[in-house]
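Fold and contact review
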Amino acid sequence: MTETANTPDELTSRLTHPRRPRSSRYDARWAIENQMGPHALWLLEWLAPTLGLDQLRPGARVLDLGCGRAMTSVFLAREYGVQVTAADLWVKPDENAVRIAEAGVADHVLPVHAEAHALPFGEGGFDAIVSVDAYQYFGTDDLYLPTLTRLLKPGGRIGVVVPALREEPTGTEPPEHLKPWWEPDFWCFHSPGWWRRHWTRSGAVEVEAADWQPHGWRDWLLWCEVVAEESTDDFHVRMAGRCAEMLRADQGRALGFVRVVGRRP
């Protein structure tokens, strides 16, 4: 276990993001305790304008796919007044239900246990689908997007943010400077162009965006450094520290985030 390195005010100051005003209102300690990777609220706030979340009517139905510990689901309910189905495979619904109730949005967020290839929902039931730092684990399958977007109403949008590579590697080897940290799972990281082509050729959506986050690696590095210093979970301290080493070595040459948005015709 680690001892925290920052006072509450210092921690809040470090994580007050000038381009993420909504996320910055959320308790920094809460975000650290419930994180499962990159700062999910920062990524969701980057996605929101392109996905058109502000345009959804109050009470619109949103599927938060791969919601983790439901931070993004709480954010969607609080910030946009929507009804959220918080679906995750790894985190039990009972655990998320406690967090959701403590956040005061139990009447807006329903936690469910679901595997991405066996979603127990009817066709056309959602106004939007959101997935933050999860879609890369199942959405690279050529057959997946048409199956998922059947859950959208006609005209509904799907938006995802995923860890990504600036350019597709050639051959079978990772970028040379990333080899000390490379894991087989990283092969699900792809470039903006790859994601645009992947979604376009599926025929399931009209692709409205597939873009690289400017300086996303800097946000990712800052978050990893804070988690490594502040988390009370040894596993997360180790993982965040290793990720920070990798991002410092990369300096934005290869790693970052891609935002992809599509609309069901």
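Thresholds applied
Throughout this description, residue numbers start from 1 for each chain and increase along the sequence as written. Reporting of local features is limited, given that this is a predicted model, to residues whose pLDDT is at least 70; pairs of side-chain atoms are given and counted only at 80 or more, and all residues count toward the totals for whole chains, interfaces and linings. To get the side-chain values, all heavy atoms of the structure are used, and hydrogens and water are removed first. Interaxial angle, 0 to 180 degrees, is taken between N-to-C directions of lines fitted to C-alpha atoms, where a helix line uses only the stretch in contact. Secondary structure elements follow DSSP: runs of H or I of four or more residues count as helices, runs of E of two or more count as strands, with numbering from the N terminus. A crossing counts as left-handed when the near helix is turned anticlockwise from the far one by less than a right angle, and as right-handed when that turn is clockwise. We call two residues in contact whenever any of their non-hydrogen atoms come within 4.5 Å of each other. Classification used: nonpolar for Ala, Val, Leu, Ile, Met, Phe, Trp, Tyr, Cys and Pro, charged for Asp, Glu, Lys and Arg, polar for all others including Gly. Polar contact is the term for a pair of N or O atoms within 3.5 Å; when the atoms are in protein, one must be able to donate a hydrogen and the other to accept it, and sequence-neighboring residues count only if both atoms are side-chain atoms. A cavity, in this analysis, means grid points on a 1 Å lattice covering only the protein atoms where a 1.4 Å probe fits yet has no way out; a pocket is instead an open set bounded by protein on both sides within 12 Å along at least five of seven lines, and a residue lines either one if it has an atom within 4 Å of a point. Grid points are joined across faces, edges and corners, and a volume is the space filled by probe spheres set on the points. Two aromatic rings, drawn from Phe, Tyr or Trp (for Trp, its six-membered ring), form a pair once their centres lie within 6.5 Å of each other, and the interplanar angle then sorts them: stacked below 30 degrees, edge-to-face above 60, tilted otherwise. Either the NZ atom of lysine or the CZ atom of arginine qualifies as a charge over a ring when it sits within 6 Å of the ring centre and within 35 degrees of the ring normal. Type-normalised accessible area, obtained with a 1.4 Å probe on protein chains alone, sets the label of each residue: buried when under 20%, exposed when over 50%, and partly exposed for intermediate values. Here, any two strands with at least 2 DSSP bridges between them count as paired. Grouping buried Ala, Val, Leu, Ile, Met, Phe, Trp, Tyr and Cys residues that are joined through side-chain atoms within 4.5 Å yields what is termed a nonpolar core.

Viewed as axis vectors pointing N to C, helix 8 (residues 216-230) and helix 9 (residues 234-250) meet at an angle of 145°, and their least axial separation amounts to 8 Å. Both helix 8 and helix 9 take part in a crossing whose hand is left-handed. Between helix 8 and helix 9, the contacting residues are Trp217, Trp220, Leu221, Cys224, Glu225, Val227 and Ala228 on the first element and His236, Val237, Ala240, Gly241, Cys243, Ala244, Leu247 and Arg248 on the second. Partitioned by chemical class, the residues of the contact of helix 8 with helix 9 number eleven nonpolar, two polar and two charged.

Another point: the side chain of Ser23. For Ser23, the position within the fold is in the loop between helix 1 (8-14) and helix 2 (28-34). Within the local environment of Ser23, its side chain forms a polar contact with the side chain of Glu45, the two groups lying 2.6 Å apart.

In this model, the largest pocket occupies a volume close to 1200 Å³. Sorting the residues of the lining of the largest pocket by element identifies helix 4 (71-80), strand 2 (83-88), helix 8 and helix 9 as the ones contributing at least two each. No other element matches the seven residues that helix 9 contributes to the lining of the largest pocket.

Next up on the list: the packing of aromatic side chains. The tally for this structure, following the rule as stated, stands at 16 aromatic pairs. The rings of Tyr135, Phe138, Tyr144, Trp194, Trp195 and Trp199 are connected pair by pair, giving a single aromatic cluster. Seen from the ring of Phe126, Arg61 lies directly overhead, with NZ or CZ sitting 4.5 Å from the centre.

What follows is about the pairing of strand 1 (residues 61-65). Across the five residues that make up strand 1, a large majority, four, are buried. Where strand 1 lies against strand 2, five bridges are found, and the strand directions are parallel. Paired with Leu65 across the two strands is Ala87, which belongs to strand 2. The sheet contact formed by strand 1 and strand 4 (residues 126-132) spans three bridges and is parallel. For Val62, the partnering residue across the bridge sits in strand 4 and is Ala128.

Before going further, it helps to spend a moment on helix 4. Within helix 4, nine of the ten residues are buried, which leaves the element mostly enclosed by the surrounding structure. Buried within helix 4 are the following residues: Met71, Thr72, Ser73, Val74, Phe75, Leu76, Ala77, Glu79 and Tyr80.

Formed by 63 residues in total, the largest nonpolar core has its most connected members in Leu15, Leu44, Leu53, Leu76, Val82 and Leu255. Considering every element that reaches this core, the biggest residue donor is helix 3 (residues 40-51), with nine residues. Counting residues in hydrophobic clusters, the runner-up holds 30 residues, among them Leu63, Ala87, Ala114 and Ala210.

The subject of this paragraph is empty space enclosed by the protein. The full count for this structure, using the stated rule, is two cavities of 30 Å³ or more. Computed from the structure, the largest cavity encloses a volume of approximately 80 Å³. Around the largest cavity, the lining residues are Thr12, Leu15, Thr16, Ser23, Ser24, Tyr26, Asp27, Ala28, Ala31, His39, Leu41 and Trp42. Secondary structure elements with two or more residues in the lining of the largest cavity: helix 2 and helix 3. A class-by-class count of the residues in the lining of the largest cavity yields six nonpolar, five polar and one charged. By volume, the second largest cavity amounts to about 70 Å³. Lining of the second largest cavity is provided by Arg20, Pro38, His39, Trp42, Leu43, Gln213, Gly216, Asp219, Trp220, Trp223 and Phe257. Elements that contribute at least two residues to the lining of the second largest cavity include exactly helix 3 and helix 8. Sort the elements by how many residues they give to the lining of the second largest cavity and helix 8 lands first, with four residues. Its residues assigned to classes, the lining of the second largest cavity shows six nonpolar, three polar and two charged.

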